Amino acid sequence: MIADTTRPGSPSSIAVIGFGLSSYPVAVERGWITREDAAQRALTTLRFFWNSAQNENAVSTGYKGFYYHFLDMQSGERVWHSELSLIDTTLLLAGVLLAGVYFSGSAQSRDRDSRTRDKLYRRVDWNWAQINKSTLSQGWKPECGFLHYGWEGYNEAAILYVLGLASPTHPLPASSYSAWTSTYQWESLYGHEFLYAGSLFIHQFSHAWIDFRNIRDEFMREKGIDYFENSRRATYVQREYAIHNPHEFEGYGESCWGISAGVGPGDRALRINGRLRRFLSYSARGVPYGPDDGTIAPSATLASLPFAPEIAMRALRYLFERYPEMAPECMLPSGLIPPIPATAALAGRVSNISDSTRE
């Protein structure tokens, strides 16, 4: 199990586990962890999820192949009355499939363990989660049934639909994907035309597992771009928003941007330089329509490197130069992110929210 955040007492997030499983192969390839250790960690996780309780009980681990968003770090049972989450289960499955394939040839992997990834994927009943046999619900709770909202507008659910459509046991019909894309919103902002989503993580999550370059669905063929190019444009929109800085936050600019979902300073109001500012705790911050309380997510800036390295690296250098406390020295080998000259404007307060993936 992997904790959702670094705060004491934090439960596990199944999405974080999915990202963790996906990081093990990278760590092995880079020599940061042995293949044997990583394989054992991955297999322990896969075995737990396969053998964990799958029923309608309010304290089980999952139901219908899906899993609850937050689980107890020791027992693996549902906590916080969290929902049976479709997207977080998908992010978990993406890690399960990746790690399962990567470690399938490991000496530590028995035949039955290497097949566990497939059994976990095949068990998910995607059809059960359809609303009116069209789009998917975002979640379900044993106390009240399906949540009263589904997936509308472009969001991080791209990988959800990919896995749902490809299921060998309970595949979604093609009509469900068309129903989702029919809710897309195309916009022109700061000179960039793109498929709109305000929060930067939306343009990044699915790309961790799928290379969308030159892959187009009907909507993207009509627009003449692909989802990778769309994320590149969204990254530039973020920078342009920070340059325009409509709320006049001190420090926003071409080298200080990255507005995404996560934990902020807390729900409170403070008067700063004679102006009342209202801050948020957890929020899916986005541009240009908000919410925006001046909180920068360095994790979102970092994750922009594949899409727009020419602006993302400059922003990262600035953030690490201005806020070296974002990462301990052991994580920043000399020369990894060289400093840049100080800019005229000092950055405002930056909250590091990289340890939260709550939706």
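Preceding this paragraph is the structure being described.
Analysis parameters
Residues numbered from 1 in each chain as written. Predicted model: local features only at pLDDT ≥ 70, side-chain atom pairs only at ≥ 80, totals over all residues. Heavy atoms only, no water. Helix = DSSP H or I, 4+ residues; strand = E, 2+ residues; numbered from the N terminus. Buried < 20%, exposed > 50% of the residue type's maximum accessible area, 1.4 Å probe, protein only. Expected span 1.5 Å × (residues − 1). Contact = heavy atoms within 4.5 Å. Polar contact = N/O pair within 3.5 Å; in protein donor to acceptor, adjacent residues only side chain to side chain. Pairing = 2+ DSSP bridges. Core = buried A, V, L, I, M, F, W, Y, C linked by side-chain atoms within 4.5 Å. Salt bridge = Lys/Arg side-chain N within 4 Å of Asp/Glu carboxyl O. Phe/Tyr/Trp six-rings, centres within 6.5 Å; stacked < 30°, edge-to-face > 60°. Lys NZ or Arg CZ within 6 Å of the ring centre and 35° of its normal. Axes fitted to C-alpha atoms, helices over the stretch in contact; angles between N-to-C directions. Parallel < 35°, antiparallel > 145°, perpendicular 65-115°, else oblique. Left-handed = near helix turned anticlockwise from the far one by under 90°. Nonpolar A, V, L, I, M, F, W, Y, C, P; charged D, E, K, R; others polar.

Asker: Even after reading the chapter, I still don't get the overall build of the protein, so can you show me in this structure?
Answerer: Of regular secondary structure, the protein possesses 11 helices and 13 strands. Counting only residues that meet the buried cut, the protein has 54% of its 359 residues in that class.

Asker: Help me understand unusual backbone geometry in this model?
Answerer: Most peptide bonds adopt trans geometry, and most residues besides glycine take a negative phi value. Backbone torsion omega between Val 287 and Pro 288 reads -5 degrees, so that peptide bond is classified as cis. Tracing the backbone through its elements, the reader meets Pro 288 in the loop between strand S13 (282-284) and helix H10 (298-302). The omega torsion of the bond from Gly 290 to Pro 291 falls at 0 degrees, within 30 degrees of zero and hence cis. You can see Pro 291 is positioned in the loop between S13 and H10. Located in the positive-phi region is Trp 80, a residue other than glycine, with phi close to 60 degrees. Tracing the backbone through its elements, the reader meets Trp 80 in the loop between strand S4 (70-71) and strand S5 (84-85). Non-glycine residue Asn 245 carries a positive phi angle of around 45 degrees. A relative accessible area of 14% places Asn 245 in the buried class.

Asker: How should helix H1 (residues 14-30) be read in this particular structure?
Answerer: Think of an α-helix as turning once every 3.6 residues; residues three or four places apart then point the same way. Between the first and last C-alpha of H1 there are 25 Å, a value that for 17 residues agrees with the 24 Å anticipated at 1.5 Å per step. By the burial criterion, the buried members of H1 are Ile 14, Ala 15, Val 16, Ile 17, Gly 18, Gly 20, Leu 21, Ser 22, Tyr 24, Pro 25, Ala 27 and Val 28. Residues of H1 that are buried in the fold lie against strand S1 (12-13), helix H2 (35-51), strand S3 (66-68), S4 and helix H3 (86-102).

Asker: How should the environment of Thr 183 be read in this particular structure?
Answerer: On the secondary structure map, Thr 183 appears in the loop between helix H7 (174-181) and strand S8 (186-189). Note on Thr 183: relative accessible area 30%, which makes it partly exposed. Each residue touching Thr 183, except ones within four places of it in the same chain, is listed here: Trp 151, Glu 152 and Gly 153. A polar atom in the side chain of Thr 183 sits 2.6 Å from the backbone oxygen of Trp 180.

Asker: Looking at this model, I keep getting lost on the environment of Glu 152. Mind explaining?
Answerer: In this structure, Glu 152 sits in the loop between strand S7 (145-146) and helix H6 (158-166). Take Glu 152: its relative accessible area is 63%, and that puts it in the exposed class. In this structure the C-alpha to C-alpha distance between Glu 152 and Trp 180, which are 28 residues apart in sequence, comes to 6.3 Å. Among residues more than four places away in sequence, those in contact with Glu 152 are Trp 180 and Thr 183.

Asker: Explain the pairing of strand S12 (residues 275-279) to me, please; I cannot follow it from the model alone.
Answerer: As a general feature of sheets, a regular strand has side chains that alternate between the two faces. Relative to S12, strand S11 (residues 268-272) runs antiparallel, the two sharing five bridges. In the sheet register, Ala 269 faces S12, and the bridge partner there is Arg 278. In sequence, S11 turns back onto S12 through a hairpin of two residues, with Asn 273 there showing a positive phi of about 50 degrees.

Asker: In this structure, what is going on with the nonpolar core? I would like to understand it.
Answerer: Grouped burial of nonpolar side chains is what soluble globular proteins tend to show. Membership of the largest hydrophobic core comes to 62 residues, with the highest contact counts inside it found for Leu 21, Phe 103, Trp 126 and Leu 160. Looking at this core, the elements with two or more residues in it are H1, H2, S3, H3, helix H5 (116-123), H6, helix H8 (218-223) and helix H9 (227-244). When near neighbours in sequence (up to four residues on either side) are disregarded, Leu 160 contacts Leu 86, Ile 87, Thr 90, Trp 126, Leu 136 and Trp 151. With 29 residues, the next largest nonpolar core counts Tyr 252, Cys 256, Phe 320 and Met 326 among its residues.

Asker: For this particular structure, what's the right way to read the pattern of salt bridges?
Answerer: Side-chain pairs of opposite charge can arise whenever the charged atoms involved come near each other. Scanning the model with the defined rule gives 10 salt bridges in all. Between Arg 213 and Asp 211 there is a salt bridge, and its shortest N-O distance comes to 2.8 Å. Taking relative accessible area as the criterion, Arg 213 reaches 49% and is therefore assigned partly exposed. Residue Arg 314 is joined to Glu 254 by a salt bridge in which the shortest nitrogen-to-oxygen separation is 3.9 Å. Placement of Arg 314 in helix H11 (residues 309-322) and of Glu 254 in the loop between H9 and strand S10 (261-263) is noted, with a sequence separation of 60 residues between them.

Asker: Explanation requested: the packing of aromatic side chains in the structure shown.
Answerer: Each aromatic ring pair is described using two quantities: the centre-to-centre distance and the angle formed by the ring planes. Scanning the model with the defined rule gives 26 aromatic pairs in all. Arranged with centres 5.6 Å apart and planes meeting at 80 degrees, the rings of Tyr 154 and Tyr 184 form a pair that is edge-to-face. A residue pair is termed long-range when its members are at least 10 positions apart, and Tyr 154 in the loop between S7 and H6 and Tyr 184 in the loop between H7 and S8 qualify at 30 residues. You'll find Tyr 154 and Tyr 184 in the same group, each marked buried. Put simply, the rings of Tyr 154, Tyr 161, Tyr 177, Trp 180, Tyr 184, Trp 186, Phe 212, Phe 219 and Tyr 227 pair up and form one aromatic cluster. The positively charged end of Arg 35 is found above the aromatic ring belonging to Tyr 102, 4.7 Å away from the centroid.

Asker: Looking at this structure, how should I read the packing of H6 against H7?
Answerer: Packed helices, taken two at a time, are described by the angle between their axes plus the distance between the axes. Taken N-terminus to C-terminus, the directions of H6 and H7 make an angle of 165 degrees; their axes are 10 Å apart at the nearest point. As the angle between them shows, H6 and H7 are arranged roughly antiparallel. Crossing of H6 over H7 shows left-handed handedness. When H6 is examined against H7, the residues Ala 158, Tyr 161 and Leu 165 are found in contact with a partner set consisting of Ala 174, Ser 176, Tyr 177 and Trp 180. In terms of residue class, the contact of H6 with H7 is built from six nonpolar, one polar and no charged.

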